[in-house]
Amino acid sequence: MKQVLILVLLSGLIFGTALCVQAAPLEVWVESIPDGQFSINDGPNTDFSMTYLGMEYSWKKWRLGLELGTGELDWDSDLDLWEVKARYELIGNSKFGLDLYVSKLAVDGDWIEVDAVLAGLDFNWKITKRSSIIASVGYSGDAEFNGIDDIDLIAYKIKYNYQVNDKVGLGIGYRGYELNIGNLDVDTGGIFAAVTFKF
């Protein structure tokens with residue numbers, strides 16, 4: 001409950017500030033993984049749930065975003081996540097979009113701590129006027145996991161989005177993370193439902 005409260009307060013503060021200063025176009029989204037899977041070396045899966053709240057400002061070819069997440073593993077281990085992300089548009093037209101991004105990711109749990117700087121690509125394919133496929137993949141070769149340095153980390157996401165109107169979109173997708181820690185391979189991910197608001 002404490003994590004949820006912090007998530008709501010921080011997001012409200014950022015959103016309120018944006019409205020007050022009449023910032024550039026703003027997109028806000030909520031994504032929820034109700035039944036994700038966490039495994040080590042393809043061993044038994046542990047269930048987890050996660051809810052993400054994100055927002056992103058657009059200015060010309062640049063986009064700056066923040067995403068906050070809170071959830072828990074099946075054995076009552078809390079998880080908190082935050083990621084700050086800067087994107088630059090490489091290709092942008094009526095059908096396709098390709099952005100280069102750099103982000104700072106941190107995950108904090110009862111027995112999990114991850115810290116990483118990622119570089120990656122975001123892809124947007126507009127199938128029709130209202131529907132699109134959005135995909136993202138990022139990589140860090142110098143992530144930190146529970147104090148261990150030089151960890152390989154891959155973050156990925158794919159989503160189908162349907163734009164109900166100019167302001168609201170609904171989506172479904174899959175997002176996950178893969179970490180290689182010496183002889184250990186950690187995989188985590190799940191199917192999510194999403195709603196997006198544009199201001």
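What this report covers is the structure whose coordinates are included nearby. What you are looking at is a predicted structure, and each value in this text was computed from that prediction instead of being measured.

1. A few points about a negative patch on the surface
Taken together, the side chains of D108, D110, E113, D142, E144, D149, D150 and D152 present a region of like negative charge at the surface. Here the negative patch gets 3 residues from one element, more than from any other, and that element is strand 8 (residues 148-163). Mapped onto the secondary structure, E113 falls in strand 6 (residues 113-126). The partly exposed category is assigned to E113, whose relative accessible area is 48%.

2. Structural notes on the nonpolar core
Counting 25 residues, the largest nonpolar core has L153 and L179 as the members making the most contacts within it. With residues near it in sequence (within four places) discarded, L153 still touches L105, V114, A116, L118, G138, Y139, S140, A143, E178 and L179.

3. A word on the side chain of R63
Within the secondary structure, R63 is located in strand 3 (residues 62-73). A distance of 3.1 Å separates the side chain of R63 from the side chain of D99, its partner in a polar contact. Setting aside chain neighbours within four positions, we find R63 in contact with E56, Y57, S58, K85, A86, R87, E89 and D99.

4. Focus on the pairing of strand 6
Sheet analysis places strand 5 (residues 96-109) next to strand 6, joined by 13 bridges and oriented antiparallel. Bridge pairing links S103 to L118 in strand 6. The antiparallel hairpin formed by strand 5 and strand 6 contains 3 residues in its connecting segment. Across 10 bridges, the pairing between strand 6 and strand 7 (residues 131-145) is antiparallel.

5. As for the side chain of E83
Take E83: it is sitting in strand 4 (residues 78-92). One buried charged residue, E83, forms no salt bridge at all, with the nearest opposite charge on R175 at 5.0 Å. Engagement of the side chain of E83 in a polar contact is seen with the side chain of S103, the distance being 2.7 Å. The contact partners of E83, leaving out residues within four places of it in the chain, are G65, L66, E67, S103, K104, L105 and L118.

6. Overview of the pairing of strand 3
Taken together, the 12 bridges between strand 2 (residues 46-59) and strand 3 define a ladder with antiparallel strand orientation. Looking across to strand 3, one finds that T51 is bridged to T70. Counting the residues between successive antiparallel strands, the hairpin from strand 2 to strand 3 contains 2 residues, one of them, K60, with a positive phi of roughly 55°. Here 11 bridges tie strand 3 to strand 4, and the two strands are oriented antiparallel to one another.

7. A short note on the sheet that holds strand 1 (residues 26-40)
Read around the closed barrel, the 10 strands follow the order 1-2-3-4-5-6-7-8-9-10; overall the barrel is antiparallel. When strand polarity is set aside, the average angle formed by the axes of neighbouring strands in this sheet is 20°.

Reading the values: the criteria
- Residues numbered from 1 in each chain as written.
- Predicted model: local features only at pLDDT ≥ 70, side-chain atom pairs only at ≥ 80, totals over all residues.
- Heavy atoms only, no water.
- Patch = residues over 30% accessible without salt bridge, like charges linked within 9 Å, V, L, I, M, F, W, Y side chains within 5 Å.
- Areas by Shrake-Rupley, 256 points an atom, 1.4 Å probe, with all protein chains shown as cover.
- Salt bridge = Lys/Arg side-chain N within 4 Å of Asp/Glu carboxyl O.
- Lys, Arg positive; Asp, Glu negative; His and termini not counted.
- Charge placed at Lys NZ, Arg CZ, Asp CG, Glu CD.
- Helix = DSSP H or I, 4+ residues; strand = E, 2+ residues; numbered from the N terminus.
- Buried < 20%, exposed > 50% of the residue type's maximum accessible area, 1.4 Å probe, protein only.
- Core = buried A, V, L, I, M, F, W, Y, C linked by side-chain atoms within 4.5 Å.
- Contact = heavy atoms within 4.5 Å.
- Polar contact = N/O pair within 3.5 Å; in protein donor to acceptor, adjacent residues only side chain to side chain.
- Pairing = 2+ DSSP bridges.
- Axes fitted to C-alpha atoms, helices over the stretch in contact; angles between N-to-C directions.

Remember that the coordinates give geometry; whether it matters functionally is a separate question.
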